[in-house]
Amino acid sequence: MIGNWLVEPFVTASLVDWLDIALLTAVFYGVLRAMQATRAFQSLVGLSLLFVLHVVSDWVHFTTLHWVLDHLFEFVIIALLILFQDDIRRALAKAGGTFFASSAPSPRRAEAGVMEEVIKACFALAHRKIGALIVIERSVSLERFTEGTHPLDAVVSTELLQSIFHPSSPLHDGAVVIMGERIVAAGVFLPISLSKELSRAWGTRHRAAIGLTEASDGLALVVSEERGTVALVKRGNVTPVADANDLRQQLVEKLDDTDVSSEVVPSAERASG
């Protein structure tokens with residue numbers, strides 16, 4: 001009897017049924033991947049265990065336990081949506097970026113000259129052990145992070161970036177946000193990543209960069225004032241860079257591969273020449 005119950009779905013299922021199952025599996029897999037390493041994911045695991053217990057209690061006729069869990073689920077779902085709305089929003093934004101990043105055009109690509117100014121500023125600040133956090137917008141808008149901050153509309157230059165992050169500047173503690181070829185805001189305070197998997201070696205700037213890149217597809221450049229080093233952060237991953245050429249190469253790889261590579265490489269050749 002059990003053998004027939006296991007074999008019957010494979011015999012009676014049509015091609016449409018298999019496509020339906022495959023699509024549902026892909027959706028669940030995408031949601032789990034997007035929510036991985038978030039607090040909501042941990043809650044989802046706990047909720048899944050409760051659901052298994054709910055099914056088992058019904059199967060073995062634990063009437064009281066089944067009744068309690070049955071009524072508990074009515075409130076748990078609403079509570080999770082309220083408590084973890086930020087994590088859910090970030091997961092949906094990440095999933096949307098995954099599906100549409102390859103097909104959607106990138107209207108705010110940074111020009112090679114802008115990147116060169118940023119690269120020179122980062123290593124000039126690192127040489128003097130002055131901390132900095134520079135964020136570069138890509139396809140996902142960063143306007144919600146710049147609301148209520150210090151708005152700017154300035155050309156990106158090494159001198160301006162060094163001035164902003166100088167310890168005597170009132171804006172040096174926050175981040176600078178670059179959209180296209182302009183600095184649009186300074187003194188921006190970004191969401192700190194709360195992931196338990198982060199190394200204790202990362203300071204506030206690194207955690208803010210990780211939090212921002214977890215919530216969007218933007219890039220973040222972090223200059224450590226303690227170590228005098230530069231790191232590039234994308235999708236929550238921190239990549240240390242050795243020198244200006246290494247950072248230039250990393251930016252070529254992590255920004256738009258087609259357009260940025262054609263713009264930045266010639267600039268690098270001019271700089272080396």
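Parameters and conventions
Residues numbered from 1 in each chain as written. Predicted model: local features only at pLDDT ≥ 70, side-chain atom pairs only at ≥ 80, totals over all residues. Heavy atoms only, no water. Pairing = 2+ DSSP bridges. Helix = DSSP H or I, 4+ residues; strand = E, 2+ residues; numbered from the N terminus. Axes fitted to C-alpha atoms, helices over the stretch in contact; angles between N-to-C directions. Contact = heavy atoms within 4.5 Å. Buried < 20%, exposed > 50% of the residue type's maximum accessible area, 1.4 Å probe, protein only. Core = buried A, V, L, I, M, F, W, Y, C linked by side-chain atoms within 4.5 Å. Polar contact = N/O pair within 3.5 Å; in protein donor to acceptor, adjacent residues only side chain to side chain. pLDDT = per-residue confidence, 0-100. Parallel < 35°, antiparallel > 145°, perpendicular 65-115°, else oblique. Left-handed = near helix turned anticlockwise from the far one by under 90°. Nonpolar A, V, L, I, M, F, W, Y, C, P; charged D, E, K, R; others polar.

A.B. asks: What is the right way to look at the sheet that holds strand E6 (residues 230-234) in this model?
C.D. replies: Paired through backbone hydrogen bonds, the strands of a sheet run either parallel or antiparallel to each other. Strands sit in the order E2-E4-E3-E1-E5-E6-E7 across an open sheet of seven strands; the sheet is mixed. Only two strands of the sheet have a single neighbouring strand rather than two, namely strand E2 (150-155) and strand E7 (237-241). Within this sheet the neighbouring strands show an average axis-to-axis angle of 25°, counted without direction. Here helix H8 (residues 158-165) sits on the sheet in contact with strand E1 (132-136), E2, strand E3 (175-179) and strand E4 (182-188), set at roughly 130° to E1.

A.B. asks: Please clarify how unusual backbone geometry should be interpreted in this entry.
C.D. replies: Trans is the common state for peptide bonds, and a negative phi is the common state for residues other than glycine. Positive phi is not limited to glycine here, since Lys-129 has a value of about 55°. Among the secondary structure elements, Lys-129 is positioned in the loop between helix H6 (112-127) and E1. On the accessibility criterion, Lys-129 (48% relative accessible area) is partly exposed.

A.B. asks: Just checking my understanding: could you explain the nonpolar core for this structure?
C.D. replies: Side chains of a nonpolar character, in soluble globular proteins, are inclined to be buried together. If you look at the biggest cluster of nonpolar residues, it comprises 29 residues, and the most contacted ones within it are Val-118, Ile-134, Leu-161, Val-176, Leu-221 and Leu-247. When contributions to this core are tallied by element, the ones reaching two or more residues are H6, E1, H8, E3, E4, strand E5 (219-223), E6 and helix H10 (244-254). Ranked by residues supplied to this core, first place goes to H6 with eight residues. Once you skip the residues sitting within four places of it in the chain, Ile-134 turns out to touch Val-118, Cys-122, Leu-161, Phe-165, Val-176, Ile-178, Leu-219, Ala-220 and Leu-221.

A.B. asks: Looking at this structure, I do not really get the side chain of Ser-216. What am I missing?
C.D. replies: Assignment of secondary structure puts Ser-216 in the loop between helix H9 (204-215) and E5. Within the local environment of Ser-216, its side chain forms a polar contact with the backbone nitrogen of Gly-218, the two atoms lying 3.2 Å apart.

A.B. asks: So what exactly am I meant to see when it comes to the environment of Val-238 here?
C.D. replies: Residue position: Val-238 is located in strand E7. Taking the C-alpha atoms as reference points, Val-238 and Ala-220, 18 residues apart in sequence, are found 9.2 Å from one another. Non-local contacts of Val-238, meaning those with residues more than four positions away in its chain, are made with Trp-202, His-206, Ile-210, Ala-231, Leu-232 and Val-233.

A.B. asks: What is the right way to read the confidence of the model for the chain from this model?
C.D. replies: Low pLDDT means the predicted coordinates in that region are not meant to be read closely. Overall, the predicted model of the chain reaches an average pLDDT of 76, with 72% of residues at or above 70. Here residues 101-110 scores under 50 on pLDDT; set against residues more than four positions off or in separate chains, the count is nine contacts. Residue range residues 257-273 is modelled with pLDDT below 50. Its contacts to residues more than four positions away, or to other chains, number 22 contacts.

A.B. asks: Explain the packing of H6 against H10 to me, please; I cannot follow it from the model alone.
C.D. replies: Packed helices, taken two at a time, are described by the angle their axes make and the gap between the axes. At a closest axis distance of 10 Å, the pairing of H6 and H10 adopts a crossing angle of 140°. Here H6 lies oblique to H10, going by the angle between them. For H6 against H10, the interelement crossing comes out right-handed. Contacts from Met-115, Glu-116, Ile-119 and Phe-123 in H6 reach Ala-244, Leu-247, Arg-248 and Leu-251 in H10. The residue makeup of the contact of H6 with H10, split by class, is six nonpolar, no polar and two charged.

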